[in-house]
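# Working through the structure, step by step
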Amino acid sequence: MGEVLVQLQNVTKKISGKTIIDQLTLDVPKGEVFGFLGPNGSGKTTTIRMMVGLMKLSAGEILIDGHSIKTNFEQAIRQVGAIVENPEMYKYLTGYQNLLHYARMIPGVTKARIEEVIELVGMRSRIQDKVSTYSLGMRQRLGVAQAILHRPKLLILDEPTNGLDPAGIRELRSYLRQLCKEEGTSVFVSSHLLSEMELMCDRVAIIQKGKLIDIRNIQKEFTKAASQLMTIETNDPERAVQLIKQAGIEAHSNEANQVVAVGGKDARAELNELLVVAGLKVYSVREQVKTLEDQYLEVTGGESID
């Protein structure tokens, strides 16, 4: 992990004697899309509300770029742009007028900067249209544009893909990546959509019942899984497992009647040859990569995401 931008230190939230967030500790690195994944009711929005000062901490500390949310709120929140739940804007104004109105409230935001963010979120062709004519995806884009006008070091998005169609989700993913690359902004995004978090994030923190369960580096996990496991389809899985074990390699058959064996690229070629020489028909030998869903089910014991 590189330099850390956000630190949550033993963050706890109790409401009416009930613990909603239980000693949550995690670091958000600079320049990454960091996912916050968990079922509905797991505490994602509560955590985000504490991060942006909409809810007080019962215990613990949140530091943003070294500034405490509790003792130095103005300095901390100056580094943040956020959309909590849905982006709110004036629907009777155009997208540009909304951005101009918001920019007037923040010192130092120029018209040139407004033009920059319009390009960044791909809204040039619709920015002069009234917000009332925008789709949910377009409003989401305008919300992100508004949130990054002041060049925040951290952009916080709470369930940003809710209600978006697949094209809208893909667009969101694309410009969040672009934001990290071109502006160096860290993005903290909560969601319950496993497949989208897998494609969008550099790493993902998994939360369950207010507790941090695990943090997964997406690319690292994929590389590790790809180098260790393979799936073999053959006409005689039982015999194949026996032969592979005799060769000193760990193997078993799965529910789909496929053979799962341990080994990388070279091992795949060797086992293919071993089975063919033994007279078995081999239909495919491929790397087996654990999806984020597989990893999530491993660490949570199978609790439903939604």
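For clarity, every value in this text was computed on a predicted model and none was experimentally measured.

Rules of the game
Here the residue index of a chain counts from 1 through its sequence in written order. Reporting in this predicted model follows two pLDDT cut-offs: at least 70 for local features of residues, and 80 or more for side-chain atom pairs to be given and counted; totals over whole chains, interfaces and linings ignore these cut-offs and use all residues. To obtain the side-chain values, all non-hydrogen atoms of the structure were used and water was disregarded. Inter-axis angles, ranging from 0 to 180 degrees, are taken between N-to-C directions of lines fitted to C-alpha atoms, where helices are fitted over the stretch in contact. Numbering of helices and strands runs from the N terminus; a helix is a DSSP stretch of H or I covering at least four residues, while a strand is a stretch of E covering at least two. Roughly parallel means an angle under 35 degrees; roughly antiparallel, over 145; roughly perpendicular, 65 to 115; everything else is oblique. With the far helix as reference, a near helix turned anticlockwise by less than a right angle produces a left-handed crossing, and one turned clockwise produces a right-handed crossing. In this description, contact between two residues means that some pair of their heavy atoms is separated by no more than 4.5 Å. Under this grouping Gly is polar, as are all residues other than the nonpolar Ala, Val, Leu, Ile, Met, Phe, Trp, Tyr, Cys and Pro and the charged Asp, Glu, Lys and Arg. Note: two strands are recorded as paired if DSSP finds a minimum of 2 bridges between them. Exposure is judged per residue with a 1.4 Å probe applied to protein chains only, and the accessible area is read against the type maximum: over 50% gives exposed, under 20% gives buried, and values in between give partly exposed. The arc refers to the directions leading from the helix axis to the C-beta atoms. Salt bridge, as applied in this entry: a Lys or Arg side-chain nitrogen positioned within 4 Å of an Asp or Glu carboxyl oxygen. What is meant by a nonpolar core is a set of buried Ala, Val, Leu, Ile, Met, Phe, Trp, Tyr and Cys residues, joined one to another through side-chain atoms within 4.5 Å.

One can describe the packing of helix α3 (residues 95-103) onto helix α5 (residues 136-147) by two numbers: an axis separation of 10 Å at closest approach and a directional angle of 25 degrees. The pairing of α3 with α5 is recorded here as roughly parallel in orientation. The hand of the α3/α5 crossing is right-handed. On the side of α3, the interface is formed by Gly95, Asn98, Leu99 and Tyr102, while α5 contributes Leu142, Ala145 and Gln146. Here the residues of the contact of α3 with α5 are counted per class, giving four nonpolar, three polar and no charged.

Moving on: the packing of α3 against helix α4 (residues 111-120). Packing of α3 against α4 brings their axes to within 11 Å, and their N-to-C directions diverge by 135 degrees. Relative to α4, the element α3 lies oblique. Seen along the crossing, α3 lies across α4 with a hand that is right-handed. From α3, Tyr96, Leu99, Leu100 and Ala103 reach across to α4, where they touch Lys111, Ile114, Glu115, Val117 and Ile118. For the contact of α3 with α4, the per-class residue count stands at seven nonpolar, no polar and two charged.

Our next topic: the sheet that holds strand β1 (residues 4-15). In spatial order, the strands read β2-β1-β4-β5; together these four strands make up an open sheet with antiparallel pairing. Only two strands of the sheet have a single neighbouring strand rather than two, namely β2 (18-29) and β5 (67-68).

Although it is not a glycine, Gln23 adopts a positive phi angle of roughly 50 degrees. Relative to the assigned elements, Gln23 resides in strand β2. Despite not being glycine, Lys209 shows a phi value in the positive range, around 50 degrees. Residue classification places Lys209 among the exposed residues on the basis of a relative accessible area of 66%.

In this section: helix α9 (residues 237-246). Of the positions making up α9, those classed as buried are Pro237, Ala240, Val241, Leu243 and Ile244. Along α9, the residues classed as buried sweep out an arc of 165 degrees about the axis, all on the same side. Along α9, the residues that are exposed and aim more than 90 degrees away from the buried face are Glu238, Lys245 and Gln246. The secondary structure elements touched by the buried residues of α9 are β11 (229-234), β12 (251-253), β13 (259-262) and α10 (265-277). Count one or two residues on from α9 and you reach Gly248, which has phi positive near 85 degrees.

In this section: the pattern of salt bridges. Following the criterion strictly, the structure yields 16 salt bridges and no others. Of the charged contacts, one joins Glu32 and Arg203 as a salt bridge, the two residues approaching to 2.8 Å between their closest N and O atoms. Within this pair, whereas Glu32 is found in the loop between β2 and β3 (33-37), its partner Arg203 is found in strand β9 (residues 203-208), the two being separated by 171 residues in sequence. Given the relative accessible area of 10%, Arg203 is considered buried. Salt bridges here are not isolated pairs; linked through shared partners, they connect Arg113, Glu116, Arg151 and Glu183.

We now examine the nonpolar core. Residues Leu99, Ile114, Leu155 and Val187 are the most contacted members of the largest nonpolar core, which totals 44 residues. In terms of residue count, helix α6 (residues 166-183) provides more of this core than any other element does, six residues in total. Ignoring any residue separated from it by four or fewer positions in sequence, one finds Leu155 in contact with Gly81, Ala82, Val144, Ala147, Ile148, Leu176, Leu179, Thr185, Ser186, Val187 and Phe188. Counting 26 residues, the second-largest nonpolar core is a separate cluster that includes Ile21, Phe36, Met51 and Ile69.

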